[in-house]
Amino acid sequence: MELILIVVGIIAIFFLYFAFGAIIKFIVGWFPSIFGIVIGVVIGFLGGWTGAVAALFIITLSIVLTDSWHNSPLYLRIEKYIDKKFYFGD
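Note that the coordinates shown come from a computational prediction; the quantities given were computed from them, not determined experimentally. (Residues numbered from 1 in each chain as written. Predicted model: local features only at pLDDT ≥ 70, side-chain atom pairs only at ≥ 80, totals over all residues. Heavy atoms only, no water.)

Participant: So what about the packing of aromatic side chains? Which residues, and what values?
Facilitator: Note on aromatic pairs: each is described by the distance of the centres and the angle between the planes. For the coordinates displayed, the defined rule picks out five aromatic pairs. When the centroid spacing of 5.3 Å and the interplanar angle of 70° are considered together, the rings of F31 and W69 count as edge-to-face. In this pair, F31 sits in helix α1 (residues 2-46) while W69 sits in helix α2 (residues 48-70), placing the two residues 38 residues apart along the sequence. Taking relative accessible area as the criterion, F31 reaches 33% and is therefore assigned partly exposed. An aromatic cluster is present here, built from F31, F35, W69 and Y75 joined pairwise through their rings. (Phe/Tyr/Trp six-rings, centres within 6.5 Å; stacked < 30°, edge-to-face > 60°. Helix = DSSP H or I, 4+ residues; strand = E, 2+ residues; numbered from the N terminus. Buried < 20%, exposed > 50% of the residue type's maximum accessible area, 1.4 Å probe, protein only.)

This is the structure in structure tokens:
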């Protein structure tokens, strides 16, 4: 019984390591959109019609910023580092 628990524990550690890497990669890749959508929704609900127009602008801007972020040299270096650290390239 102990052997089964050890094997399950080792498998769980590998799975959690991979899942942690995937979450970090997602957050690093999409943080401009996450911030833009949250801020845009809050302004949209609290600002009435003017806030709704501003929210559309902010959300569109966050999409453009996310696209430019994905093409930046810093993001590409970070992504390569995460891929190497969490073995996503295999």
